[in-house]
Amino acid sequence: MVDLNSCCLNPPTYPRLKRLLLIVTMLSRLTRAAKSLYPFRQITASTFIMHTDKKAKLSNETSAYPMVLSDRPAVCNLVPAGQCQFNPTFQPVQLLDRLPCGEGGTSYILRFGLPDTTKPMGLTTCACILASAKLMDRDKGELVEVTRPYTPISTNDQVGCFDLLIKDYGENGYLSKYLCEDLPIGGEIQFKHIDFNVKIPAPFTQKKIGMIAEPVQLEPRHVHIFNSIPLSIFLGTGITPMIQALHAILGNGPSDQKSETEEVTLLYGSRNKNDILGGDMLRRWASTYEDKFKHIDVLSHEPADSDYDGERGFIDKAKIEKYFPPASLGSDVIIFVCGPPIMYKLLCGPRNEEEVTGILGELGYSSSQVFKF
C-alpha cells in the first residue's frame, strides 16, 4: 500500500519525477486496478508542478546577481559572525547551476541553494564553509568522506543561494572534480560552518593592504612538499578569500561597514593568461576602482612570444618591494597571503605558525602585519 502523504514530503529531483510520472501512467493503463493509481498520479503531477514552480521562483529571486564573473559588481553587505545559515551540523543543499568561466575551461562558478531560500547566507567576512561528500577512494576501493573548505565569492545581498568559484584539478582534486564534473544539477551536497572558519573580520582598519594569491600549479618545485601527504588536501584557488575581502573594501554599502582602506594591491600568480581564475572580474574592478585597487598578474609559464606585457616568473622579493606598502607603515599596513604550502614557506612561513619568516620576514613585516589564510 502506497503512503500517499509521504510521497510529497521529500519529492525526488526533477528528472526522477518525470520518469516516475511516466512509469505510473504506463502502469495505470496496463493494470486492472488503474483507478487505485489515479490519486497517486495526481499527487505526483502536482508535486512536479510545485517543484518546477519553486525552482523558477528561486531562479527569479537570485537572477538579480549575475553568475558571469565579468558582470559581477563588488558589494559590501557585512553581517556579524554567528548568523550563517549553515551551522556546525552538515546540511544538504542542491546544486542549482554550474557555469564554466575563464578561457582555460577548467574552472567553474557553482550556485547552490540554501537551507532557507527566503534569506541570504548570512556569512561574515572573511570566512569559509566546509563541504563534504562520500567519494570513492581510488586506492582503497571504498567510499570515504571527503571534507574541504571553500570560500564563497557571493555576498549577503544574494537571497536563497550562494556561489563558489572552483578550479577543477581532475584526478588530483577529489572533491573539486566531483563538484565540477560529477555532481548533477539538482543533486545535493552537504555544507557546514564552524567558528574556526571565521578568519579576519571586516571592515578593515588598515589604510593599505597587500594581497598575495596563487593557486596550486603542480610544479616540480612543489613536489617535495607533497611526498607523503595526499595532494588533494591542498588544492585550491588562493583567490577566493581575496575576492571576499575585496567585496568588503570596494563595494558600496552602509557607512558603518566601510573599511578604512585607501589602497589595496593584489599580486596574483598564475601559469598563463588563460589560467587567471576570476581575471575578468578582477580587471573590471581594477578599472572601476582604479584609484583604490591595483591588480597585478604574475605569470610563470606564459609563452615568450605572446602579447602579454605584464609581470612574469613568480611572486618574489623584487615584486613585493615594487608593489606593496612597506612594513615601516606599522599598523596602517597588512598583507594577506593565500596559496599552496610551498608559497607560505617561501613568502611568510607555514600557515599554522604565527611567526613571519621567508621573504616577508626579511622585508621586516611582523606577525601583526601578515595574515595567513
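Reading the values: rules and limits
- Residues numbered from 1 in each chain as written.
- Predicted model: local features only at pLDDT ≥ 70, side-chain atom pairs only at ≥ 80, totals over all residues.
- Heavy atoms only, no water.
- Helix = DSSP H or I, 4+ residues; strand = E, 2+ residues; numbered from the N terminus.
- Buried < 20%, exposed > 50% of the residue type's maximum accessible area, 1.4 Å probe, protein only.
- Pairing = 2+ DSSP bridges.
- Contact = heavy atoms within 4.5 Å.
- Axes fitted to C-alpha atoms, helices over the stretch in contact; angles between N-to-C directions.
- Core = buried A, V, L, I, M, F, W, Y, C linked by side-chain atoms within 4.5 Å.
- Phe/Tyr/Trp six-rings, centres within 6.5 Å; stacked < 30°, edge-to-face > 60°.
- Lys NZ or Arg CZ within 6 Å of the ring centre and 35° of its normal.

1. Remarks on unusual backbone geometry
Apart from glycine, the bulk of residues carry a negative phi angle, and the bulk of peptide bonds sit in the trans form. The omega torsion across T125 and C126 is 5°, close enough to zero to call that bond cis. Position of C126 among the secondary structure elements: in the loop between β2 (107–113) and β3 (129–137). Looking along the chain, the bond that leaves A202 and enters P203 is cis, with omega of 5°. By the element assignment, P203 lies in the loop between β6 (188–192) and β7 (208–213).

2. What about the pairing of β7?
Counting buried positions along β7 gives 5 out of 6 residues, so the element sits mostly inside the fold. Across 6 bridges, β7 lies against strand β8 (residues 263–270) in parallel orientation. Opposite M211, over in β8, you have L266 as the bridge partner. Here β7 pairs with strand β11 (residues 333–338) via 6 bridges, running parallel. Directly across from I212, in β11, lies its bridge partner V337.

3. Remarks on the environment of E181
Along the polypeptide, E181 turns up in helix α3 (residues 175–182). Put simply, E181 and D168 are 13 residues apart on the chain and 8.0 Å apart in space, counted from C-alpha to C-alpha. Setting aside its immediate chain neighbours within four residues, E181 contacts R98, D168 and G170.

4. Brief notes about the side chain of Q91
Summarising the element assignment, Q91 is placed in strand β1 (residues 91–101). On the basis of relative accessible area, Q91 is assigned to the buried category, the value being 18%. Setting aside its immediate chain neighbours within four residues, Q91 contacts Q85, F86, P115, I189, Q190 and F191.

5. Here's the deal with the sheet that holds β2
The strand order across the open sheet built from 6 strands is β4-β3-β6-β1-β2-β5, with neighbouring strands paired in antiparallel fashion. Unpaired on one side and paired on the other, β4 (142–150) and β5 (161–167) mark the two borders of the sheet. The average angle at which neighbouring strand axes cross in this sheet is 40°, direction not considered. Both β3 and β6 contribute to a ladder of 3 bridges, which runs antiparallel. Note that in β6 the partner of A131 across the bridge is F191.

6. Observations concerning the nonpolar core
For soluble globular proteins, nonpolar side chains are generally found buried alongside one another. Counting residues in each nonpolar core, the largest one holds 60 residues, and the members touching the most others are F204, M211, I239 and F336. Listed by contribution, the elements that provide at least two residues to this core are β7, α4 (240–250), β8, α5 (279–288), β9 (293–299), β11, α7 (341–347) and α8 (358–362). Broken down by element, this core gets its largest block of residues, 7 residues, from α4. For I239, the contacting residues outside a window of four places in its chain are L165, A213, L266, Y268, L277 and L282. V93, L95, Y108 and M121 belong to the second-largest nonpolar core, a separate cluster that totals 27 residues.

7. Topic: the packing of aromatic side chains
As enumerated under the stated definition, the model contains 9 aromatic pairs in all. Summarising the aromatic geometry, the rings of F112 and F162 are spaced 5.5 Å apart at their centres and angled 25° between planes, so their arrangement reads as stacked. Of this pair, F112 sits in strand β2 while F162 sits in strand β5, placing them 50 residues apart in sequence. Pairing F112 with F191 gives two aromatic rings, centres 5.1 Å apart and planes at 70°, and the pair type is edge-to-face. In this pair, F112 is assigned in strand β2 and F191 in strand β6, connecting sequence segments 79 residues apart. One exposure class covers both F112 and F191, and it is buried. Joined through ring pairs, the aromatic side chains of F86, F112, F162 and F191 make up one cluster. The ring of Y169 is capped by K167, whose NZ or CZ atom sits 5.9 Å from the centre of that ring. Just above the ring of F196 sits the side chain of K199; from NZ or CZ to the centre is 4.6 Å.

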